Amino acid sequence: PNTAVLATLAAAILYGALTPQFNWLMHIGAFVVLFAICILMFHFNLMGGGDAKLISVMGFWTGFAYLLPFL
């Protein structure tokens, strides 16, 4: 559900706000890259919309540093 995705995003933003070494650009960049890929996959019916949203938000949570192990 959307509430789970929004709660995950809110937790990531809160974590970023409370962590001094949090690199916002790396995390937002990971979100944007994954969102673009997931939207393309959704467009070609290779992925559901909920999966696309959740994977994109988890990309924001992990950032580029842990993106490959996450995927």
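What comes next is a walk through the structure. (Residues numbered from 1 in each chain as written. Predicted model: local features only at pLDDT ≥ 70, side-chain atom pairs only at ≥ 80, totals over all residues. Heavy atoms only, no water.)

Some remarks on the packing of aromatic side chains
Moving on, step 1. One pass over the full model with this rule turns up six aromatic pairs.
Moving on, step 2. Both rings, one in F22 and one in W24, keep their centres 4.7 Å apart while their planes meet at 70°; by these two values the pair is edge-to-face.
Moving on, step 3. Judged by its relative accessible area of 10%, F22 is buried.
Moving on, step 4. By way of ring pairs, the aromatic residues Y15, F22, W24, F60 and W61 are connected into one cluster. (Phe/Tyr/Trp six-rings, centres within 6.5 Å; stacked < 30°, edge-to-face > 60°. Buried < 20%, exposed > 50% of the residue type's maximum accessible area, 1.4 Å probe, protein only.)

Some words on helix α2 (residues 24-43)
Moving on, step 1. The terminal C-alpha atoms of α2 lie 28 Å apart, and with 20 residues this matches the ideal 28 Å at 1.5 Å per residue to within 8%.
Moving on, step 2. When we look at burial in α2, the residues that qualify are H27, G29, A30, L34 and C38. Along the axis of α2, the buried residues cluster in a sector spanning 165°; they form a single face. Summarising the geometry of α2, the exposed residues directed more than 90 degrees from the buried face are L25, L40 and H43.
Moving on, step 3. As for α2, its buried residues are in contact with α3 (49-62) and α4 (67-70).
Moving on, step 4. The first or second residue beyond α2 is N45, which carries a positive phi of 60°. (Helix = DSSP H or I, 4+ residues; strand = E, 2+ residues; numbered from the N terminus. Expected span 1.5 Å × (residues − 1). Arc of directions from axis to C-beta. Contact = heavy atoms within 4.5 Å.)

With respect to the side chain of T19
Moving on, step 1. As for its position among the elements, T19 is in the loop between α1 (2-18) and α2.
Moving on, step 2. A polar contact is formed between the side chain of T19 and the backbone oxygen of Y15, at a distance of 2.7 Å. (Polar contact = N/O pair within 3.5 Å; in protein donor to acceptor, adjacent residues only side chain to side chain.)

Some words on the side chain of H27
Moving on, step 1. Secondary-structure assignment places H27 in helix α2.
Moving on, step 2. Residue contacts for H27: discarding those within four places in its chain leaves F22, G59, F60, W61, T62 and G63.

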